[in-house]
Amino acid sequence: MSLHGKRKEIYKYEAPWTVYAMNWSVRPDKRFRLALGSFVEEYNNKVQLVGLEEESSEFVCRNTFDHPYPTTKIMWIPDTKGVYPDLLATSGDYLRIWRVNDTETRLECLLNNNKNSDFCAPLTSFDWNEVDPNLLGTSSIDTTCTIWGLETGQVLGRINLVSGHVKTQLIAHDKEVYDIAFSRAGGGRDMFASVGADGSVRMFDLRHLEHSTIIYEDPQHHPLLRLCWNKQDPNYLATMAMDGMEVVILDVRVPCTPVARLNNHRACVNGIAWAPHSSCHICTAADDHQALIWDIQQMPRAIEDPILAYTAEGEINNVQWASTQPDWIAICYNNCLEILRV
């Protein structure tokens, strides 16, 4: 899709509800496609799949489906070659895997870790392993992380059946776990980190689950809400505290001491996205309506100011940097999605 001919820098889509979860599709044949999750404070919520029409250069909704409770996170399968089925995962009360067709989206499987009870502990987040798309990890308010194995099974007729099973479950923190992310270090399959209400960042290795490493603890023991690995250099990760106005950059080789603090925001930070193609660029987004891009090359010298700032028309809930189109960043605020050319 050659949007460059039109040289439009911003495309906007207005959803019928507040947009919270959001993710770019990575399939090579579906370039400007995103999934959006509603934030409605009741049981009935929605997910929309939207795409940019080449002719009109407008976003159109291709598909809407129902989702119980708001999605805490949405991710397309990290399949840059298009060899797996076109799958989408969502977290909320459970982890759900959806299959996307041209006309409809169908629930393929619901992954419930608590077989012996009607009660489920809500999932705060999840991550889909890029090296092995048959691995997903979820984080929960019940202090655990669960690693799931996915089978995209035999082709029956023309349908692959998708199912999943628990590979391992571990108590990751002393309190609720708010985020989980696989690291690209050591082959990219076995290492992951989590953050939670106890204010710590912890690192795990699936091959040695008997111990974990604390990489960082918030000095005031504020809950840490998000963590995000650098896409090019697996030594670096970013995290942020609940209601915090700064983003902390950590180096796993120097535990417990931030290598940088990004603190230009004037209200609480909601989202962090590393550049897919550069180890020294990161985007942060906050309730001050701002999305800021930072160049952190000069670490550990202090990073005073961002190199780019964009002001949206509302508090930015989420930011996603397109992994297969590095010159596009998506933000959402109120009921709007915007993609910005950087």
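What comes next concerns the included structure. Please read these numbers as outputs of a predicted model, since none were measured by experiment.

Let's talk about the nonpolar core
Across soluble globular proteins, nonpolar side chains show a tendency to be buried alongside one another.
Here is step 1 of the chain: Within the largest apolar cluster, 20 residues are counted, with the highest numbers of intra-cluster contacts made by I249, L262, W274, I282, I296 and M299.
Here is step 2 of the chain: Looking at this core, the elements that each hand over two or more residues are β19 (236–241), β20 (247–251), β21 (260–262), β22 (269–274), β23 (281–286) and β24 (290–295).
Here is step 3 of the chain: Among the nonpolar cores identified, the runner-up in size contains 19 residues, and A15, V19, W24 and V50 belong to it.

Quick look at the packing of aromatic side chains
Here is step 1 of the chain: Throughout the structure, instances matching the rule amount to nine aromatic pairs.
Here is step 2 of the chain: A ring pair is formed by W24 and F32, whose centres lie 6.3 Å apart and whose planes are at 70°; its orientation type is edge-to-face. Comparing W24 with F32, the two get one shared label, buried.
Here is step 3 of the chain: For the pair F65 and W98, a centre-to-centre distance of 4.4 Å together with 40° between the ring planes defines the contact as tilted.

Section: the pattern of salt bridges
Here is step 1 of the chain: Tallied over the full model, the rule gives 18 salt bridges.
Here is step 2 of the chain: The salt bridge partner of D66 is K46, with a shortest N-O separation of 2.4 Å. Of this pair, D66 sits in strand β5 (residues 59–68) while K46 is found in strand β4 (residues 44–52), placing the two residues 20 residues apart along the sequence.
Here is step 3 of the chain: One salt bridge in this structure joins D93 and R96, with 2.6 Å as the shortest N-O distance.
Here is step 4 of the chain: Look at D93 and you get buried, because its relative accessible area is 11%.
Here is step 5 of the chain: Salt bridges here are not isolated pairs; linked through shared partners, they connect D132, R189, D190, D205 and R207.

Focus on the sheet that holds strand β6 (residues 73–76)
Here is step 1 of the chain: Ordered by their spatial adjacency, four strands build an open sheet running β6-β7-β8-β9, and the pairing between neighbours is antiparallel. Among the strands making up the open sheet, the edge pair consists of β6 and β9 (105–111). Averaged over all neighbouring strand pairs, the angle between strand axes comes to 25°, with direction disregarded.
Here is step 2 of the chain: As defined by bridge partners, strand β8 (residues 95–100) adjoins β9 across six bridges and the pair is classed as antiparallel. Counted as the bridge partner of L95 is L111 from β9.

Section: the environment of N263
Here is step 1 of the chain: Positionally, N263 belongs in the loop between β21 and β22.
Here is step 2 of the chain: Residue N263 is classed as partly exposed on the basis of its relative accessible area, which comes to 40%.
Here is step 3 of the chain: Sequence spacing of N263 and P306 is 43 residues, and the spatial spacing of their C-alpha atoms is 9.5 Å.

Quick notes on the sheet that holds strand β15 (residues 191–196)
In a beta sheet, neighbouring strands are held together by backbone hydrogen bonds and run either parallel or antiparallel to one another.
Here is step 1 of the chain: Reading across the sheet, the four strands line up as β14-β15-β16-β17 and stay open at both edges, with antiparallel pairing between neighbours. With one partner strand each, in any of the chains shown, β14 (177–182) and β17 (213–217) form the two edges of the open sheet. Strand after strand, the sheet turns through a mean of 20° between neighbouring axes, direction not considered.
Here is step 2 of the chain: Bridge count for β15 against strand β16 (residues 200–205) is five bridges, and the pairing is antiparallel. Following the sheet pairing, F192 is matched in β16 by F204.

Details of the side chain of N129
Here is step 1 of the chain: With respect to the helices and strands, N129 occurs in the loop between β10 (123–128) and β11 (135–140).
Here is step 2 of the chain: Within the structure, the side chain of N129 is placed 2.8 Å from the backbone nitrogen of V131, a separation counted as a polar contact.
Here is step 3 of the chain: Only 3.5 Å separates the side chain of N129 from the backbone oxygen of R189, close enough to count as a polar contact.
Here is step 4 of the chain: Dropping the residues within four chain positions of it, N129 is found in contact with P78, L135, F182, G188 and R189.

With respect to unusual backbone geometry
Here is step 1 of the chain: In this structure, P300 follows M299 across a cis peptide bond, with omega equal to 5°.
Here is step 2 of the chain: Considering the arrangement of structural elements, one finds P300 in the loop between β24 and β25 (308–311).
Here is step 3 of the chain: Even without glycine at this site, S57 takes up a positive phi of about 50°.
Here is step 4 of the chain: Topologically, S57 is positioned in the loop between β4 and β5.
Here is step 5 of the chain: Phi at C256 takes a positive value of approximately 75°, unusual for a residue other than glycine.

How each quantity is defined
Residues numbered from 1 in each chain as written. Predicted model: local features only at pLDDT ≥ 70, side-chain atom pairs only at ≥ 80, totals over all residues. Heavy atoms only, no water. Core = buried A, V, L, I, M, F, W, Y, C linked by side-chain atoms within 4.5 Å. Buried < 20%, exposed > 50% of the residue type's maximum accessible area, 1.4 Å probe, protein only. Helix = DSSP H or I, 4+ residues; strand = E, 2+ residues; numbered from the N terminus. Phe/Tyr/Trp six-rings, centres within 6.5 Å; stacked < 30°, edge-to-face > 60°. Salt bridge = Lys/Arg side-chain N within 4 Å of Asp/Glu carboxyl O. Pairing = 2+ DSSP bridges. Axes fitted to C-alpha atoms, helices over the stretch in contact; angles between N-to-C directions. Polar contact = N/O pair within 3.5 Å; in protein donor to acceptor, adjacent residues only side chain to side chain. Contact = heavy atoms within 4.5 Å.

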